[in-house]
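The primary structure of each chain is shown beneath.
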Amino acid sequence: MFADLHLHTNFSDGTYTPEELAARGRHAGLAAMALTDHDTVEGCARMAAACDALGIEFISGTELTAEHGGHEVHLLGYFIDTRHERLLAEIAQFQTVRQNRVREMVARLNRLRVPLDAETVFALANCRSPGRPHVARALVNAGLCGSLDEAFERFLKKHRPAWVPKFKMSAAHAIALVHAAGGLAVMAHPGLNRTDDVIPGLAQAGLDGLECFHSKHSTAMMEHYLALAEEHRLLVTGGSDCHGDSKGKPLVGTVKLPYDYVARLKARVAASAASAPERPPAGSRPPP
Ligand code: AMP
Ligand code: ZN
Ligand code: FE
Ligand code: FE
């Protein structure tokens, strides 16, 4: 039995609906799937229903954009209560930040005489958590760039002319927020951020796990992070980080996390719920 615990839908910058994603997970033979859309939990209810219908265990989640010591860190929150009021209120603020950032990126493109308008990007994104991939797709659709890579290389990559820095919550705050919502906080794709020095501090701040298995991790990275997880007594997770069809072949199910790791996550979340009765009960299933 295997799981894929890092997946995106069209509720953020993935291209699949929750139903399409669940069907592909079923096709890949997954026993469990977690949805981790950027700064949102909106897709969780539909994904839960779709997984249920296919006999797949669903784990609610999100991927929060955060920073620690000047480094961008992505924090996965698992088993969160998707109706938790403070979580929803804080997420809504970051969605506003994302929407304003799209407007600013478009304004910069316009100053470069690239005639895109923000409403086109919002219509294409059709979600509350728009980001650079949506701007890139809009540029390609309008014939203003030949490919998504070209859009990032010319305009959207860090320090390129239409790049706009994104305001982020601190990683310690994100960890506390995930805990308040009854979940476990896991550092996503540490091998891509190349900032191992933040791991001891985050472990100190209550980080629960490290995403050792990831589609962009080499074998050497995987082994390195498994050793770091052991050293800092962190749980181990893994996922493909599938964004749908937007980046070549779909990745869902290409990272196969043995189910034992999921069982360990569930044991930890149950233990923390038992030791902190004031916390809302953590469920692996969002409300209907
Ligand atoms: P944002 O959250 O708006 O900053 O967008 C980040 C997303 O853009 C990431 O999840 C990546 O999937 C995607 N991305 C970042 N850099 C590139 C790139 N050079 N080429 C294609 N996609 C990228
Ligand atoms: Zn993404
Ligand atoms: Fe990420
Ligand atoms: Fe991701």
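Residues numbered from 1 in each chain as written. Chains lettered and ligands numbered in written order. Predicted model: local features only at pLDDT ≥ 70, side-chain atom pairs only at ≥ 80, totals over all residues. Heavy atoms only, no water.

Peer 1: Residue-level account of the overall build of the chain, with values.
Peer 2: Scanning the chain for helices and strands turns up 11 helices and 10 strands. Expected size for 288 residues packed as a compact globule is a radius of gyration near 19 Å; at 18 Å, the chain falls within 12% of this value. Taken along its principal axes, the extent of the C-alpha atoms in the chain is 55 × 40 × 40 Å. Burial status across the chain gives 53% buried among its 288 residues. Within the chain, counting contacts between residues at least 6 apart in sequence, those at least 24 apart form 70% of the total. (Helix = DSSP H or I, 4+ residues; strand = E, 2+ residues; numbered from the N terminus. Rg over C-alpha atoms; globule rule 2.2 N^0.38 Å. Buried < 20%, exposed > 50% of the residue type's maximum accessible area, 1.4 Å probe, protein only. Contact = heavy atoms within 4.5 Å.)

Peer 1: Explain the environment of Ala-174 to me, using residue names and the numbers behind them.
Peer 2: Among the structural elements, Ala-174 can be located in helix α7 (residues 171-180). For Ala-174, a relative accessible area of 0% corresponds to the buried category. Considered as a pair, Ala-174 and Pro-161 are 13 residues apart in the sequence and their alpha carbons are 29 Å apart. Contact partners of Ala-174, with chain neighbours within four places excluded, come to Leu-64, Ala-66, Leu-75 and Met-169.

Peer 1: Requested: an account of the coordination of the zinc ion (ligand 2), with residues and values cited.
Peer 2: For a metal bound by four donors in a tetrahedral arrangement, the ideal donor-metal-donor angle is 109.5 degrees, while six donors in an octahedral arrangement ideally sit at 90 or 180 degrees. Within the protein, Asp-13 (OD), Asp-13 (OD), His-38 (NE2) and His-243 (NE2) serve as the donor atoms for the zinc ion (ligand 2), at 2.0 to 2.6 Å. The sequence motif formed by the donor residues of the zinc ion (ligand 2) is D-x24-H-x204-H. Taken as a pair, the zinc ion (ligand 2) and the iron ion (ligand 3) lie 5.9 Å from each other. Here Asp-13 is found in the loop between β1 (2-4) and α1 (18-27), whereas its partner His-243 is found in the loop between β9 (235-239) and β10 (257-258), with 230 residues between them in sequence. Classification of Asp-13 as buried rests on a relative accessible area of 9%. (Donors = N, O, S within 2.8 Å, 3.2 Å for Na, K, Ca; no water.)

Peer 1: Before we move on, could you go through helix α11 (residues 259-275) and cite the residues and values that matter?
Peer 2: Working note: α-helix, 3.6 residues per turn, so residues spaced by three or four point in the same direction. With 17 residues, α11 extends 25 Å between its outermost C-alpha atoms, agreeing within 8% with the 24 Å of an ideal straight helix rising 1.5 Å per residue. Three or more residues of α11 are buried, namely Tyr-259, Tyr-261, Val-262, Leu-265, Val-269 and Ser-272. End-on view of α11: buried residues confined to an arc of 150°, all on one side of the axis. Those residues of α11 that are exposed and angled more than 90 degrees off the buried face are Asp-260, Ala-274 and Ser-275. (Expected span 1.5 Å × (residues − 1). Arc of directions from axis to C-beta.)

Peer 1: Could you give an account of the coordination of the iron ion (ligand 4), with specific residues and numbers?
Peer 2: Only His-6 (NE2), His-8 (NE2), Glu-63 (OE) and Asp-241 (OD) from the protein reach the iron ion (ligand 4) as donors, at distances of 2.1 to 2.2 Å. Taken together, the four donor atoms coordinating the iron ion (ligand 4) span angles of 77 to 161° at the metal, a pattern that classifies the geometry as irregular. Metal-to-metal, the separation of the iron ion (ligand 4) and the zinc ion (ligand 2) is 4.5 Å. Given a relative accessible area of 0%, His-6 falls into the buried group. (Tetrahedral: all angles 85-135°; square planar, octahedral: opposite > 155°, others 65-115°.)

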